[in-house]
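A closer look at the structure
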Amino acid sequence: MSNMIRLGEIAHARSGDKGGHANVGVVAYNSAGYEYLCSVLTEQEVGKFFAGLGPTQVQRFELPGIYALNFLLHDALEGGASLSLRTDSQGKLLGLAILEMEIPRPKDLKLMLNEN
Amino acid sequence: MSTKSLRIGNGAGFWGDNLDAPRQLAERGELDYLTLEYLAELTLSILAHQRAKDPARGFVTDLVDVVKDISPKLFGNTPLKLITNGGGMNPVGCAKAVSQVLVDQGLAQVRVAAVAGDDLLPRLDELIAAGESFSHFDNGQPLGDLRNRIVSANVYLGAEGITSALAQDAQIVLTGRVADAALVVGPAVHEFGWSWDDWSRLGAATVAGHLIECGAQATGGMYSDWDTKLDLGTIGYPIAELRDNGTSIISKPTDTGGEVSIGTVSEQLVYEIGDPQQYFTPDVVADFSHVRLTQHAENEVLVEAGTGTEAPKTLKVSIAYRDGFTTTGSIVVVGPRAQEKAHAAAAAVRVRMKTAGYELDQFEVECLGAGETLPGMDLWRRSSQEIVLRISARDHRREAIDRLTRELAPLVTSGPPGVTGYTGARIRSRPVLAYWPTKIPREIVTASVEVRSAEEWLT
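Because the structure is predicted, anything quoted here is derived from the model rather than measured.

What counts as what
Residues numbered from 1 in each chain as written. Chains lettered and ligands numbered in written order. Predicted model: local features only at pLDDT ≥ 70, side-chain atom pairs only at ≥ 80, totals over all residues. Helix = DSSP H or I, 4+ residues; strand = E, 2+ residues; numbered from the N terminus. Rg over C-alpha atoms; globule rule 2.2 N^0.38 Å. Buried ≥ 20, exposed ≤ 12 C-beta atoms within 10 Å, placed from the backbone. Contact = placed C-beta atoms within 7 Å. Domains from an automatic or database assignment. Nonpolar A, V, L, I, M, F, W, Y, C, P; charged D, E, K, R; others polar. Pairing = 2+ DSSP bridges. Axes fitted to C-alpha atoms, helices over the stretch in contact; angles between N-to-C directions. Parallel < 35°, antiparallel > 145°, perpendicular 65-115°, else oblique. Left-handed = near helix turned anticlockwise from the far one by under 90°. pLDDT = per-residue confidence, 0-100.

Quick look at the overall build of chain B now. When helices and strands are counted, chain B shows 13 helices and 19 strands. Taken over C-alpha atoms, the radius of gyration comes to 24 Å for chain B, in line with the 23 Å a tight globule of 459 residues would show. Buried residues in chain B amount to 49% of all 459 residues. Counting contacts in chain B only where the partners sit at least 6 residues apart, residues at least 24 apart contribute 75% of the total.

Attention shifts here to the overall build of chain A. The secondary structure content of chain A amounts to three helices and six strands. From first element to last, N terminus to C terminus, chain A shows the α and β order β-β-β-α-α-β-β-α-β. Taking 116 residues into account, the globule formula puts the C-alpha radius of gyration at 13 Å, and chain A, at 14 Å, falls close to it. Along the first, second and third principal axes, the C-alpha set of chain A runs to 45 × 30 × 25 Å. Looking at chain A as a whole, 50% of its 116 residues qualify as buried. When contacts within chain A are restricted to residue pairs at least 6 apart in sequence, long-range pairs at least 24 apart make up 63% of them.

Looking at the element boundaries, A:Leu63 is found in strand E4 (residues 57–63). Residue A:Leu63 is classed as buried on the basis of its 23 C-beta neighbours within 10 Å. It is 12 Å that separates the C-alpha atoms of A:Leu63 and A:Leu37, two residues lying 26 residues apart in sequence. Other than its neighbours up to four places away in sequence, A:Leu63 contacts A:Ala68, A:Asn70, B:Val270, B:Pro276, B:Phe288, B:Ser289 and B:Val291.

What follows deals with the domain arrangement of chain B. All names here are of chain B. Split by domain assignment, chain B resolves into domain 1 (5–318 + 444–457) and domain 2 (322–436). Between the C-alpha centres of domain 1 and domain 2 the distance comes to 37 Å. Listed by partner, the interface residues are eight residues for domain 1 and four residues for domain 2. Class assignment of the residues belonging to the side of domain 1 that touches domain 2 gives a composition of three nonpolar, three polar and two charged.

What follows concerns the pairing of strand E4 (residues 111–116) of chain B. Residue and element names in this part refer to chain B. The element E4 is extensively covered by neighbouring structure, given that six of its six residues are classed as buried. Neither face of E4 is left uncovered, since the one carrying Arg111, Ala113 and Val115 and the one carrying Val112, Ala114 and Ala116 both have all their residues buried. Here E4 pairs with strand E19 (residues 448–453) via six bridges, running antiparallel. Each residue of the ladder has a partner; that of Val112, found in E19, is Arg452. Summarising the sheet, E4 and strand E6 (residues 172–175) pair through four bridges and their orientation is parallel. Counterpart to Val112 in the pairing with E6 is Ile172.

This brings us to the sheet that holds strand E10 (residues 285–287) of chain B. All names here are of chain B. Read from one edge of the open sheet, three strands run E9-E10-E13, paired in antiparallel fashion. The open sheet has two edge strands with one neighbour each: strand E9 (279–280) and strand E13 (307–309). In the packing of helix H8 (residues 199–212) onto the sheet, the strands contacted are E9, E10 and E13, and the crossing angle to E13 comes to about 125 degrees.

Right, let's get into the interface of chain B and chain A. Every contact between the two is made by 43 residues of chain B and, on the other side, 34 residues of chain A. Contributing elements (two or more residues each) for the side of chain B that touches chain A: helix H9 (262–269), strand E11 (292–297), strand E15 (362–368), strand E16 (386–395) and strand E18 (430–441) of chain B. Counting residues per element, the side of chain B that touches chain A draws most heavily on E18(B), which supplies five residues. For the side of chain B that touches chain A, the residue count by class is 22 nonpolar, 10 polar and 11 charged.

Take the environment of B:Gly9 next. Residues and elements named next belong to chain B. You can see Gly9 is positioned in strand E1 (residues 5–10). Put simply, Gly9 and Met353 are 344 residues apart on the chain and 51 Å apart in space, counted from C-alpha to C-alpha. Setting aside residues up to four positions removed in sequence, Gly9 forms contacts with Leu25, Gly29, Leu31, Leu34, Tyr237, Pro238 and Ile239.

Further remarks concern the packing of helix H6 (residues 160–167) of chain B against helix H7 (residues 182–192) of chain B. Residues and elements named next belong to chain B. Here H6 crosses H7 at 45 degrees, and the two axes come no closer than 8 Å. Considering the angle they form, H6 stands oblique to H7. Classified by chirality, the crossing of H7 by H6 is right-handed. Of H7, the residues touching H6 (which contributes Ile162, Thr163, Leu166 and Ala167) are Ala182, Gly186, Pro187, Val189 and His190. Residue composition of the contact of H6 with H7, grouped by class: six nonpolar, three polar and no charged.

Among the structural elements, A:Gln57 can be located in strand E4. Spatially, the C-alpha atom of A:Gln57 lies 33 Å from that of A:Leu111, the residues being 54 residues apart in sequence.

The next subject is the packing of helix H1 (residues 21–28) of chain B against helix H3 (residues 62–70) of chain B. Residues and elements named next belong to chain B. Their axes nearest at 9 Å, the elements H1 and H3 cross at an angle of 25 degrees. Regarding the angle of H1 to H3, the classification is roughly parallel. Crossing geometry of H1 relative to H3 is assigned as right-handed. Contacts from Pro22, Arg23 and Ala26 of H1 reach H3 at Val66, Asp69 and Ile70. A breakdown of the residues in the contact of H1 with H3 according to their chemical character gives four nonpolar, no polar and two charged.

Time to look at the sheet that holds strand E2 (residues 11–18) of chain A. All names here are of chain A. Read across the open sheet, the four strands follow the order E2-E3-E5-E4; overall the sheet is antiparallel. Two strands in the sheet have a free side with no partner beyond their single neighbour: E2 and E4. When the angles between neighbouring strand axes are averaged without regard to direction, this sheet yields 20 degrees. Helix H1 (residues 31–40) rests against E2, strand E3 (21–28) and strand E5 (68–74) of the sheet, and its axis sits at about 140 degrees to E3.

Here we come to the confidence of the model for chain B. The share of residues in chain B with pLDDT of 70 or more is 99%, and the mean pLDDT across the chain is 95. Two numbers describe this predicted complex: its pTM, 0.96, and its ipTM, 0.96.

Here it is, written out as structure tokens:
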């Protein structure tokens, strides 16, 4: 058994653009998963994961009522939807991307999985 | 009015959204209000261009068909009301076009409102002379010589113009740029009689507005936990049922596809937000951070604990300016070493452009099918024998981009083996409209509201 898991096992996500910045919201399936996310999904780790997009700053915000963390990736969209030449000019793929992030397998993984 | 609830459905999340959604909601949503949100950041600059060519245009033309479609619901004792920002750059022109349809449908007495005042372009020089800097919202850069390239400048108005129109018995309210959530906050304030400093409830209604403003993104569209059983072909569009205490229930019409669950609604809550404690709108700084969601019934999610603080002293302004030219084109590259061949083909294009005398300001190459949509990330990288080579460029010179539009077709005969799929018309150059967010003090802006019957709009 690997000692890493996909973030997507314990969370789902959505992303989009805020001008030239991108936002990535990560939603845990329950409170156990949320507490774990708060400890492993630091601004630094998320910045490292998206380093290829060249964000100038990463900010993390908390939405405990829905077990979510929101990340703002500054200047990650090559100028934003109006200037970017990328296919994903609006950052719609970043949510799906972050779910592929590998994080350490938590001891109580079972408590964090989607029950549905 | 404490026991009363208010059902608001949103049938468009952008201009180009599903054409049948407004009718789905009007016929099957048991709505009090139908809202249609059409204006993405740069939509107004396109509409400004249309109005410049023809002063009768510059609004969302789809609206004319929508009003025809939903007209049976506009009759009766408790008729549906429609609120939309589809008035675009020309709410008055939109009111006239919509009124023509209403009169043709025998609805000459329906009252139609045009809410304007968001267009700052005519006032721009006066405001600059008075000391407004219009410096960039994020980085503080001054507007400088961009002034001469501005195509449109619109301030985000709040909900007061909409509420005022409803108080004058408007049944259809056509606005220019307003905050997306104002389409929901406006009717909520009108129906519940909230005061404009009831920050908590204005914030709560803003949460509801945010949840439905992108249409089917709240009801299963774009959902991470997608499955074929979601039946997206018949997806239902979202309804927010607001109560006087500020709580709301998100749902969709019965017997439609998609899903309204804690999962779909929570994803939409975090969509395109920054600091959840400070979601700025002209009416309130909403606080999303403690919102709670409960599955109230099948396809019904209860939304609680949205709140807010005092409205900001400044209002956001969106400026669009001309910023050179761009084009995008693609060809298909197949067979062994397809990715390598595709990059070689793109490199050949660059060499030929250089030979023609053009070093492009920006040139982007993606091998779609090989996992290159996220540059610099290896996530979805894989070897593929069938690739769409996508080339995209931007330059300040139209002639440079015009030349690039001629460089894809020759790859069919002078590129590597396995190049195919270039059968359409030649790709075209188009102007780039860039986006400049800025802000102004709120006291220098007021909404103008004009309400007349359809018949009166036509005389």
